[in-house]
Amino acid sequence: MQNYKAKLETNNYYHIYNRANGKDKLFLTDDNYKFFLQKYDMYISPIAETLSYCLMPNHFHFLVKIKSDATLTALSGLKTLTGQDLSNKLSQQFNHLFNSYTQSFNKQHNRLGNLFARPFRRIKISSEEYSINIANYIHQNPVTHN
């Protein structure tokens, strides 16, 4: 069975994904997609390289590689963290992305409450074959969902 809440560790690859709560949509306009990617760049690009992604109206997928210890050590707030503390801080970056986007989305669309299902899903990629399968899955997702 897959661990959907895998510990985030340096130099490892992960399939990161999430969906909207219930039948809500995450993105209603082209500007929503652009704004989400701007927030993603702000919060996630410093900690992870993005290899593949797909944004759909009600969910998203990312294939990322968490950056090296040396790279993360240079970042403020991550200098002395290791193990579970570092994993929690890396997960917190994703939560900051989701919270920041939700606040803006809610304000723009006059809504209240959580936008994203919790917790966000992350699966550690265990082999090159699996990473190829995930990349293909991510790229085929828009076709699969029309």
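In the block above lies the structure referred to throughout.
Bear in mind that the values here come from a model prediction, so they are computed numbers and not experimental data.

Caption draft 1: View of the sheet that holds strand β3 (residues 59-66). Strand order in the open sheet formed by 4 strands is β2-β3-β1-β4, and the pairing between neighbours is antiparallel. Looking at which strands have only one partner, the edges of the open sheet turn out to be β2 (48-55) and β4 (121-124). Adjacent strand axes in the sheet meet at a mean angle of 20 degrees, parallel and antiparallel pairs treated alike. Judged from the 7 bridges that link them, strand β1 (residues 13-19) and β3 form a sheet pairing that is antiparallel.

Caption draft 2: Looking closely at the packing of aromatic side chains. Here the structure, examined in full by the defined rule, presents 18 aromatic pairs. Here Phe36 and Phe116 contribute two aromatic rings whose centre-to-centre distance is 6.4 Å and whose plane-to-plane angle is 35 degrees, an arrangement assigned as tilted. Taken together, the residues Phe36 in helix α1 (residues 30-43) and Phe116 in the loop between α3 (83-108) and β4 connect sequence positions 80 residues apart. Each member of the pair, Phe36 together with Phe116, is buried. Ring geometry for Tyr101 versus Phe105: centroids 5.7 Å apart, planes at 35 degrees, classification tilted. Of this pair, Tyr101 and Phe105 both sit in helix α3, 4 residues apart, which is roughly one turn of the helix. Here Arg121 stacks its cationic end above the ring of Tyr4, 4.8 Å away from the centre of that ring.

Caption draft 3: Structural detail: the pattern of salt bridges. Going through the model one piece at a time under the given rule, you end up with 2 salt bridges. Close ionic contact of Lys124 with Glu9 constitutes a salt bridge, the shortest N to O distance being 2.8 Å. Of this pair, Lys124 sits in strand β4 while Glu9 sits in the segment before β1; the two residues are 115 residues apart in sequence, bridging distant segments of the chain. A residue is classified by how much of its surface remains accessible, and Lys124, at 35% relative accessible area, is partly exposed. By relative accessible area, which is 26% here, Glu9 ends up partly exposed. Of the charged contacts in the structure, one is a salt bridge between Asp24 and Arg111, with a shortest N-O distance of 2.9 Å. Pair noted here: Asp24 is in the loop between β1 and α1 and Arg111 is in the loop between α3 and β4, with a separation of 87 residues, a long-range link.

Rules used throughout
- Residues numbered from 1 in each chain as written.
- Predicted model: local features only at pLDDT ≥ 70, side-chain atom pairs only at ≥ 80, totals over all residues.
- Heavy atoms only, no water.
- Pairing = 2+ DSSP bridges.
- Helix = DSSP H or I, 4+ residues; strand = E, 2+ residues; numbered from the N terminus.
- Axes fitted to C-alpha atoms, helices over the stretch in contact; angles between N-to-C directions.
- Phe/Tyr/Trp six-rings, centres within 6.5 Å; stacked < 30°, edge-to-face > 60°.
- Buried < 20%, exposed > 50% of the residue type's maximum accessible area, 1.4 Å probe, protein only.
- Lys NZ or Arg CZ within 6 Å of the ring centre and 35° of its normal.
- Salt bridge = Lys/Arg side-chain N within 4 Å of Asp/Glu carboxyl O.

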